[in-house]
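Commentary on secondary and tertiary structure
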Amino acid sequence: MALRGLAGSGPGSRGPLDEAVAADKEREAAAVVVAGATPEDDEEDEGRSRGLLRWDGFSAWLHCVCVVGFDLELGQAVEVIYPQHSKLTDKEKTNICYLSFPDSNSGCLGDTQFCFRFRQSSGRRVSLHCLLDQFDKDLPVYLKKDPAYFYGYVYFRQVRDKTLKRGYFQKSLVLISKLPYIHFFHTVLKQIAPEYFEKNEPYLEAACNDVDRWPAPVPGKTLHLPIMGIVMKVRIPTCHDKPGTTQIVQLTQQGDAHISVILPTVHEVDLFRCFCPVFLHSQMLWELVLLGEPLVVMAPSPSESSETVLALVNCISPLKYFSDFRPYFTIHDSEFKEYTTRTQAPPSVILGVTNPFFAKTLQHWPHIIRIGDLKPAGEIPKQVKVKKLKNLKTLDSKPGVYTSYKPYLNRDEDIIKQLQKGIQQKRPSEAQSVILRRYFLELTQSFIIPLERYVASLMPLQKSISPWKSPPQLRQFLPEEFMKTLEKTGPQLTSRIKGDWIGLYRHFLKSPNFDGWFKTRRKEMTQKLEALHLEALCEEDLLLWTQKHTEVETVDLVLKLKNKLLQADREHLPVKPDTVEKLRTHIDAIILALPEDLQGILLKTSMT
């Protein structure tokens, strides 16, 4: 099938269902290369039995796959978009083009992998595949899809080629997805990209066909994902997992003989490798990320910039970083002017940059991390110092953390000694990452537990929930009331770190991360109240109630109960399945006790 020339075509007028059906017909007409079958074939074909259309399986994991090449006249250009019916606006294509290539000063020869994140164009239609979004509710909050952003996972190749005018072969294979599964998609690219550069479009088509047969990314389920002759074993985390644990079942000789790759994580980066040049200041950086401070990472290449930005965002897990972050940001980005303007204070965002131009453009930003080349595991770079911002003039400035920020907490010398001892003993980077991740996790949990405890106290008592009144409201969050709780139940109960915890909390309560966290918790608690209200209704003898009230009041009750059921389904309220069944039984019994003409009307409304 000819794949070229599609990148420039504008969005069509057909609906998503027409596109999916049309794409299905096109695919059936094409010659398809099918990867070797595995014992998971039944599981992969599960989607077909669920009645999903062609490409629904693919769309659960990826929005599309792009190939970006270099054209002497046009510069970077999207050569291929696959599947063919995938929609990208011109603005999105332009962003993908520029973000898929390293800046010219990076000098990335050979193969390079990195990640970027860009804003989705406004007004985009909701995908046909929103039925798969139901899995989102079981994910940890930091892995939930952000409807406003796409991730781009890049495998870039630049090699000398005398047959080309430019003297170099330059091309990127890019996976565009809503899922923040960095480690997983980098592993996929590592498996398929080198071979794609040799075999071109037919190979890409076959790989996409394999992805379309994958089971959906259901949280908590161990998945076997075959692609081009290899099988990957992964497990998507759930919100019920204990933070800091890996749940993947280890390889066993008998059952997993066909497994080629086991991924212990889908989303985590090599934390120690990224923090290694700055680990003396890791606690200060944790504070800056927690508080949503504007932060720039200046690095020699997109690999280093994207890994470091993702490590920073990851360091406050299991809290979600609610502000914007760009693992790799260029001067061509559609938000360049918005983020570099001097007419207002820098926004709450973490930017990863490589272009020397940014040293001048962003020198008014309050916190800048300048890193050199990240060393391979085992090689330790020189520790950078905290320096005054006025010393940062060019990208030639020495590596360092350029800020005038004074941390609220005293530095934890124990973790520094532990990591330094690991360096001396040549402890593997993976083991160092485990130590650092556990340290960040304990620090974040010590900070967040007092907030969780206070917010839980805002929940009304269960005895105040009446089936015949609207669910009660949560009490208001009062900062000063919360501060008073810290004296007896503050972070000192779980953390040995001393310092101005009160000052840190006051700053945090004004940050986007608190705003996002509290909105999420408030929504969860409001839904819990709605669920408890439903359960209270189920315990009532509703039929007896109708006998004491008029037909008009009874019809009103039926309509309200039906709305409650719709809300429970739409908002995924945490109700027990038998509660919903009980309520349906109540509704049916009430309807049957009404006159026939009303029965007919109410039964009709339940069918629409």
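Because the structure is a prediction, the values reported are computed rather than measured.

Rules used in this analysis
- Residues numbered from 1 in each chain as written.
- Predicted model: local features only at pLDDT ≥ 70, side-chain atom pairs only at ≥ 80, totals over all residues.
- Heavy atoms only, no water.
- Helix = DSSP H or I, 4+ residues; strand = E, 2+ residues; numbered from the N terminus.
- Buried < 20%, exposed > 50% of the residue type's maximum accessible area, 1.4 Å probe, protein only.
- Contact = heavy atoms within 4.5 Å.
- Core = buried A, V, L, I, M, F, W, Y, C linked by side-chain atoms within 4.5 Å.
- Pairing = 2+ DSSP bridges.
- Axes fitted to C-alpha atoms, helices over the stretch in contact; angles between N-to-C directions.
- Salt bridge = Lys/Arg side-chain N within 4 Å of Asp/Glu carboxyl O.
- Expected span 1.5 Å × (residues − 1).
- Parallel < 35°, antiparallel > 145°, perpendicular 65-115°, else oblique.
- Nonpolar A, V, L, I, M, F, W, Y, C, P; charged D, E, K, R; others polar.
- Left-handed = near helix turned anticlockwise from the far one by under 90°.
- Phe/Tyr/Trp six-rings, centres within 6.5 Å; stacked < 30°, edge-to-face > 60°.
- Lys NZ or Arg CZ within 6 Å of the ring centre and 35° of its normal.
- pLDDT = per-residue confidence, 0-100.

The next thing to look at is the overall build of the protein. When helices and strands are counted, the protein shows 21 helices and 14 strands. Evaluated residue by residue, the protein yields a buried proportion of 52% over its 608 residues. In the protein, of all internal contacts separated by at least 6 residues, the share reaching a separation of at least 24 is 74%.

So, about the nonpolar core. Nonpolar side chains in soluble globular proteins generally cluster together in the buried interior. Counting residues in each nonpolar core, the largest one holds 107 residues, and the members touching the most others are Trp-61, Phe-184, Phe-275, Trp-286, Phe-447, Leu-451 and Phe-477. Element by element, the count of residues in this core is highest for helix α14 (residues 429-456), at ten residues. Apart from residues lying up to four places away in sequence, Trp-61 is in contact with Ser-177, Leu-179, Phe-184, Phe-185, Val-211, Trp-214, Pro-215, Ala-216, Pro-217, Leu-223, Leu-225 and Ile-236. With 22 residues, the next largest nonpolar core counts Ala-568, Ile-590, Ile-591 and Leu-598 among its residues.

Attention now moves to the sheet that holds strand β8 (residues 261-262). Read across the open sheet, the three strands follow the order β6-β7-β8; overall the sheet is mixed. The open sheet is flanked by β6 (222-227) and β8, the only strands paired with a single partner. Inspection of the sheet shows β6 paired to strand β7 (residues 230-235) by six bridges, in the antiparallel sense. Across the sheet, residue Pro-226 finds its bridge partner in β7, namely Val-231.

Within strand β4 (residues 149-160), ten of the twelve residues are buried, which leaves the element mostly enclosed by the surrounding structure. Sheet topology note: the strand β3 (residues 110-119)/β4 ladder contains ten bridges and is antiparallel. By the bridge assignment, Cys-115 is partnered in β4 with Tyr-153.

Now for the sheet that holds β3. The strand order β2-β1-β5-β4-β3 describes an open sheet built from five strands, whose pairing is antiparallel. Two strands lie at the open edges of the sheet, namely β2 (75-82) and β3, each paired on one side alone. On average, adjacent strands in this sheet sit at an angle of 25° to one another, irrespective of strand direction. Across seven bridges, strand β1 (residues 64-71) lies against β2 in antiparallel orientation. Bridging across to β2, Val-65 finds its partner in Tyr-82. Contacts from helix α5 (residues 90-99) reach β1, β2, β3, β4 and β5 (168-177), with the element oriented near 150° to β3.

The subject of this paragraph is the environment of Leu-561. Residue placement: Leu-561 occurs in helix α19 (residues 551-570). Along the backbone, Leu-561 and Leu-583 are 22 residues apart, and their C-alpha atoms lie at a distance of 7.7 Å.

Per the stated rule, a full pass over the model turns up 28 salt bridges. With a shortest N-O distance of 3.5 Å, Arg-157 and Glu-198 are connected by a salt bridge. On the criterion of sequence distance, the pair formed by Arg-157 in strand β4 and Glu-198 in helix α6 (residues 182-199) is long-range, its members being 41 residues apart. Overall, Arg-157 belongs to the buried group, its relative accessible area being 13%. You can call Glu-198 exposed: its relative accessible area is 59%. Among the salt bridges present, the one from Asp-241 reaches Arg-235, with a minimum N-O distance of 2.9 Å.

The next thing to look at is helix α10 (residues 302-314). For the α-helix, the turn length of 3.6 residues means that residues three or four positions removed from each other point alike. Relative to the 18 Å expected for 13 residues at 1.5 Å per residue, α10 spans 18 Å between its end C-alpha atoms, a close match to the ideal helical length. Most of α10 is tucked away: twelve of the 13 residues are buried. Among the residues of α10, those classed as buried are Pro-302, Ser-303, Glu-304, Ser-305, Ser-306, Thr-308, Val-309, Leu-310, Ala-311, Leu-312, Val-313 and Asn-314.

Moving on: α5. Burial in α5 covers these residues: Glu-92, Lys-93, Asn-95, Ile-96, Cys-97 and Leu-99. The elements touched by buried residues of α5 are β1, β2, β3, β4 and β5.

Axes are the key here: two packed helices are described by the angle between their axes and the distance separating the axes. In the contact formed by α14 and helix α16 (residues 501-508), the axes pass within 12 Å of each other and the chain directions differ by 75°. The orientation of α14 with respect to α16, classified from their angle, is roughly perpendicular. Counting all contacts with α14, which are made through Leu-443, Ser-446, Phe-447, Pro-450 and Leu-451, the residues of α16 involved are Trp-501, Leu-504, Tyr-505 and Phe-508. Broken down by class, the residue content of the contact of α14 with α16 amounts to eight nonpolar, one polar and no charged.

Next up on the list: unusual backbone geometry. Of note, the amide linkage connecting Tyr-82 to Pro-83 takes the cis form, showing an omega dihedral of -5°. Among the secondary structure elements, Pro-83 is positioned in the loop between β2 and α5. Positive phi outside glycine occurs at Met-228, with the angle close to 50°. Within the secondary structure layout, Met-228 lies in the loop between β6 and β7. We classify Met-228 as partly exposed; its relative accessible area is 23%. If you check the backbone angles, Lys-426 has positive phi at about 55° while not being a glycine.

Moving on, we come to the packing of α14 against helix α17 (residues 512-539). Orientation of α14 relative to α17, taken along the N-to-C sense of each, is 40°, at an axis distance of 11 Å. Classified by the angle between their axes, α14 and α17 sit oblique to one another. The handedness of the crossing between α14 and α17 is right-handed. Residue-level contacts link Ile-448, Leu-451, Glu-452, Val-455 and Ala-456 of α14 to Phe-514, Trp-517, Phe-518, Arg-521 and Met-525 of α17. When its residues are assigned to classes, the contact of α14 with α17 shows eight nonpolar, no polar and two charged.

What follows covers the packing of aromatic side chains. The full count for this structure, using the stated rule, is 38 aromatic pairs. Here the aromatic rings of Phe-118 and Phe-150 are separated by 5.6 Å at their centres, their planes lie at 35°, and the arrangement is tilted. With Phe-118 in strand β3 and Phe-150 in strand β4, this residue pair connects regions lying 32 residues apart in the sequence. Its relative accessible area of 2% is what places Phe-150 among the buried residues. An angle of 10° between the planes, with centres 4.3 Å apart, marks the rings of Phe-447 and Tyr-505 as stacked. Here Phe-447 is found in helix α14, whereas its partner Tyr-505 is found in helix α16, with 58 residues between them in sequence. For Tyr-505, a relative accessible area of 0% gives the class buried. The positively charged end of Lys-178 is found above the aromatic ring belonging to Phe-150, 4.6 Å away from the centroid.

With that settled, consider the confidence of the model for the protein. For the protein, the average pLDDT comes to 82, and 82% of its residues sit at 70 or higher. Across the protein, the element-wise mean pLDDT spans from 37 in helix α1 (residues 16-29) up to 97 in α16.

Right, let's talk about the pairing of strand β14 (residues 400-403) for a bit. Of the two faces of β14, the one carrying Gly-400 and Tyr-402 and the one carrying Val-401 and Thr-403 are both buried. Relative to β14, strand β12 (residues 367-370) is paired through four bridges, and the arrangement is antiparallel. What sits directly across from Ile-368, in β14, is Tyr-402.

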